[in-house]
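Coordinate inspection notes
One letter stands for each residue in the lines below.
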Amino acid sequence: MKKSWWIVIVLLLCPFVFACDTPLDGKAYTISQDFCNKRYYIPNGITIETDNVVINCNNAILQGDFKTTGISIRDAKNVEIKNCNIINFRQGINLRNATDADIHDSQLLRNFIGVHIENSNGNHFYENRDVSITKILKGINSFENHVKYLNKNLEGDFCRHNSCNEKTTEISMPVYQHYSLAKILEAAIRKFIGMDAHSLQ
């Protein structure tokens, strides 16, 4: 009887565990999203204007019509974009006044410009591939960004003020994300009861 109840609970929870979202054309997202692994025609792209948002495309294809930007990050920090296939946009990804963003494990294909960075500092691009029509990356007044592609090297003025082609997996989230939940809880308990907590060092 107990096993039957567990089966019922699992079946009830499955829709929540495996739920995914459909990207909405032109939408400005303020909370994290897990997109379904499908192909989407979103000619106006999507925008993130809020801190600490994670967009996981789950290898979905976001397709435009060469007129706008696929994913825009504006006036935000600690945004993460991952597992996206962004194709046929004027700009694949646009960062404006963005800091500490992580963009990784994505494909930028057949966009006029792969990434446009303006007034944005300390962002990380890694484990991405780019096949742009005109330019891989355009940077304006942006410094201390870290960019490495899997299929090509960057060169030029942008690389004078930013890190190019160097291996980086550094991300902007707090350092404790690299540790298990058990380690985090253990350290918190030790600190709470006044013990010397060095488990995260």
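This text gives an overview of the structure that appears in the document. (Residues numbered from 1 in each chain as written. Predicted model: local features only at pLDDT ≥ 70, side-chain atom pairs only at ≥ 80, totals over all residues. Heavy atoms only, no water.)

**Brief notes about the pattern of salt bridges**
Note the threshold: Salt bridge criterion: a side-chain nitrogen from Lys or Arg within 4 Å of a carboxyl oxygen from Asp or Glu. Think of it this way: any DSSP run of H or I at least four residues long counts as a helix, any run of E at least two long counts as a strand, and we number them from the N terminus. The classification of residues rests on relative accessible area computed with a 1.4 Å probe and restricted to protein chains. Under 20% of the type maximum is buried, over 50% is exposed, and intermediate values are partly exposed.
This model, assessed by the stated rule, comprises three salt bridges. Of the charged contacts, one joins Glu 118 and Arg 96 as a salt bridge, the two residues approaching to 3.8 Å between their closest N and O atoms. Taken together, the residues Glu 118 in strand E11 (residues 113-118) and Arg 96 in strand E8 (residues 91-96) connect sequence positions 22 residues apart. Looking at Arg 96, the relative accessible area reads 37%, which means it is partly exposed. Close ionic contact of Asp 130 with Lys 152 constitutes a salt bridge, the shortest N to O distance being 3.8 Å. Pair noted here: Asp 130 is in strand E12 (residues 124-131) and Lys 152 is in the loop between strand E14 (146-149) and helix H2 (158-161), with a separation of 22 residues, a long-range link.

**Details of the sheet that holds strand E13 (residues 135-140)**
Spelled out, the test is: By definition, two strands form a pair when at least two bridges between them are found by DSSP.
Strand order in the open sheet formed by six strands is E1-E4-E6-E8-E11-E13, with parallel pairing between adjacent strands. The open sheet terminates on both sides in strands that have one partner only, identified here as strand E1 (28-29) and E13. Bridging between E11 and E13 involves five bridges; their strand directions are parallel. Paired with Glu 118 across the two strands is Ile 140, which belongs to E13.

**Topic: the state of the cysteines**
Quick reminder of the rule: The disulfide definition used here is simple: a pair of cysteine sulfur atoms within 2.5 Å.
According to the stated counting rule, one finds three disulfides in the structure shown. Disulfide pairing is shown between Cys 20 and Cys 36; the S-S distance is 1.9 Å. The chirality of the disulfide connecting Cys 20 with Cys 36 is right-handed, given an S-S dihedral of about 100 degrees. With a gap of 16 residues between them, Cys 20 in the loop between helix H1 (2-17) and E1 and Cys 36 in the loop between strand E2 (33-34) and strand E3 (39-41) connect regions that are remote in the sequence. Residue classification places Cys 20 among the partly exposed residues on the basis of a relative accessible area of 37%. The disulfide that involves Cys 57 links it to Cys 84, with 2.0 Å between the sulfurs. Between Cys 57 and Cys 84, the S-S torsion sits near 75 degrees, and that sign places the bridge as right-handed. Separated by 27 residues along the polypeptide, Cys 57 in strand E5 (residues 54-63) and Cys 84 in strand E7 (residues 80-87) bring together distant segments of the chain. For the pair shown, Cys 57 and Cys 84 are each scored as buried.

**A few points about the pairing of E7**
Looking along a regular strand, one sees the side chains alternate between the two faces of the sheet. Burial runs high along E7: six of the eight residues are buried. Where E5 and E7 come together, seven bridges link them in parallel fashion. From the neighbouring strand, Gln 63 faces E7, where its bridge partner is Ile 87. As judged from the three bridges shared by E7 and strand E9 (residues 102-104), these two strands associate in the parallel manner. In the sheet register, Glu 80 faces E9, and the bridge partner there is Asp 102. As judged from the three bridges shared by E7 and strand E10 (residues 107-109), these two strands associate in the parallel manner. Along E10, the bridge assignment pairs Ile 87 with Leu 109.

**A word on the environment of Arg 90**
Inspection of the secondary structure puts Arg 90 in the loop between E7 and E8. Put simply, Arg 90 and Asn 111 are 21 residues apart on the chain and 5.6 Å apart in space, counted from C-alpha to C-alpha.

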